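So the chains spell out like this:
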Amino acid sequence: MRRISVFGATGSIGESTFDLLMRQGGPSAYRTVALTGGRNVARLAVQARALRAEIAVTAHDECLPLLREALAGSGIEAAAGPAALIEAADRPADWIMSAIVGAAGLAPGFRALRHGTTLALANKESLVTAGPLLMAEAARHDARILPVDSEHSAIFQSLLGEDLSAVETVTITASGGAFRDWPLDRLAGATVAQASTHPNWAMGQRITIDSASMFNKALEVIETREYFGISPDQIRVLVHPESLVHALVGFRDGGMIAHMGMPDMRHAIGYALNWPDRARLPVARLDLATAGSLNFHNPDPVRYPALDLARQVMDIRGLAGAAFNAAKESALDAFVAGRIGFIAMASVVEATLTQLSAGSALGNPATSLDNVFQMDAEARRIAEGIMAERKV
Ligand code: NAD
Ligand code: MG
């Protein structure tokens, strides 16, 4: 029986993964090793019982008593904290879903690779912050990373049987987020609630806000570069309000292969779960006659400054991705807490990168995860300082 673990099981991707696992036979089809979550331990316990997991882990120590209580009598182990997450990743599994949000997802996924596992990677921050390290670790242990971000699953599928050297361009699409059609002068006053609604996809709050600011697409451009080794000048972004075409790969003979489907993450998750097979998945089928028309346009750099920042990050490479992501997470925390406005997020990230560029470390290649975590901490400290001094 295939052994599986899900990191971030109680989130948006985690719940969709759980849904597919249950539909595909649940505990009679999979041996569940570990499920992890955050404060929602009641839900984590329900999932752990349903899949008869060996262990359930909450990220928060103070949630452990409640998790224990919720698992009482089940025989399922309970644990808490970052060290317990690593310990759970150290339990061999054949397929692991990496769906913790933010840089916190890097260490468990990285650790899992040493067991030669297949890592279904939703946590895009892993590739943004430590792409070369992660890919090298996978190669060293003969482990496989399968992309779960919809655009990257789409590129992966469009490249099946193709020679990478024949690729001219890779285009990922963006819905444009909650404020796509807002007049620019209203963006400064955008609220957290307004930024937390997505026109097409149902996702966690953080990635939804990142979609409105296009920081999500900025991360995905870097993710494309790191996962596929495509050079930055070959990577394009198109705003596509319908979110039905997820990515397009252009080849040197002028042909282009597009991947299409309804915006439902269970496609990309199910693809990674069943790869290399294609299983019957419970996603709605795209009817192009009903869709009627598909629209595309280039993103406006004034509306979406995050995309230019991603270009800068790719030019510097090294530890710049870790700094970029950490500054973005700090700015996002501050926006969600009401400490800064919506458009200030990009200013905070830009100012953090500028300040870090004055030193030399930003372009240094990461030689270990510790390098990445140090840069992450440094960038958060600088971003907090910038916000405290109200420089933005
Ligand atoms: P979410 O906020 O809905 O869920 C995050 C999960 O991680 C939860 O289980 C939460 O408890 C856990 N978590 C949060 N902080 C943690 C920490 N510090 N330590 C350990 N666990 C922690 O997020 P999501 O929308 O499911 O996104 C998960 C990842 O997948 C992100 O990296 C996101 O960018 C990526 N992704 C999501 C979607 C989507 O449709 N939601 C699409 C593509 C990629
Ligand atoms: Mg995506």
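Residues numbered from 1 in each chain as written. Chains lettered and ligands numbered in written order. Predicted model: local features only at pLDDT ≥ 70, side-chain atom pairs only at ≥ 80, totals over all residues. Heavy atoms only, no water.

Can you walk me through the packing of aromatic side chains in this structure?
For any two aromatic rings, the description comes down to two numbers: the centre-to-centre distance and the angle of the planes. Counting across every chain of the model gives six aromatic pairs. Centroid distance F179 to F342: 4.9 Å. Interplanar angle 90°. Geometry classified as edge-to-face. You can see F179 sitting in the loop between β8 (167–174) and α8 (192–195) and its partner F342 sitting in the loop between α14 (320–336) and α15 (344–358), a full 163 residues away along the chain. F342 gets classed as buried once you look at its relative accessible area, which sits at 6%. Summarising the aromatic geometry, the rings of F335 and F342 are spaced 5.7 Å apart at their centres and angled 70° between planes, so their arrangement reads as edge-to-face. Each of the two residues, F335 as well as F342, counts as buried. Through a chain of ring-to-ring contacts, the aromatic side chains of F179, W182, F335 and F342 assemble into a single cluster. A cation over an aromatic ring shows up here: R186 above the ring of W182, its NZ or CZ 3.8 Å from the ring centre. (Phe/Tyr/Trp six-rings, centres within 6.5 Å; stacked < 30°, edge-to-face > 60°. Helix = DSSP H or I, 4+ residues; strand = E, 2+ residues; numbered from the N terminus. Buried < 20%, exposed > 50% of the residue type's maximum accessible area, 1.4 Å probe, protein only. Lys NZ or Arg CZ within 6 Å of the ring centre and 35° of its normal.)

Is there a simple way to explain the site of ligand 1 in this structure?
Lining the immediate surroundings of ligand 1 are 23 residues, of which T10, S12, I13, G38 and E125 lie closest. Note that an oxygen atom of ligand 1 is positioned 3.0 Å from one of the backbone N or O atoms of G204. Here ligand 1 loses 84% of its free accessible area of 840 Å² to cover by the protein chains. When contributions to the shell around ligand 1 are tallied by element, the ones reaching two or more residues are α1 (12–23) and α6 (124–140). Residues of the shell around ligand 1, tallied by class, amount to 12 nonpolar, eight polar and three charged. (Near = heavy atom within 4 Å. Polar contact = N/O pair within 3.5 Å; in protein donor to acceptor, adjacent residues only side chain to side chain. Areas by Shrake-Rupley, 256 points an atom, 1.4 Å probe, with all protein chains shown as cover. Nonpolar A, V, L, I, M, F, W, Y, C, P; charged D, E, K, R; others polar.)

Before we go on, may I ask you to explain the pattern of salt bridges in this structure?
Pairing is possible between side chains of opposite charge, provided their charged atoms come close. Within the structure shown, the criterion is met by 24 salt bridges. We note a salt bridge from R91 to E77, for which the minimum N-O separation is 3.0 Å. Taken together, the positions of R91 in the loop between α4 (82–89) and β5 (95–98) and E77 in strand β4 (residues 77–80) put the pair 14 residues apart, joining distant regions of the chain. By relative accessible area, which is 15% here, R91 ends up buried. Across the pair E378 and R381 runs a salt bridge whose closest N-O atoms are separated by 3.1 Å. Residue E378 and its partner R381 are located together in helix α16 (residues 369–388), separated by three residues, close to a single helical turn. Given the relative accessible area of 53%, R381 is considered exposed. Look at the salt bridges and you will find they share partners, linking R31, E54, E77, E87 and R91 into a network. (Salt bridge = Lys/Arg side-chain N within 4 Å of Asp/Glu carboxyl O.)

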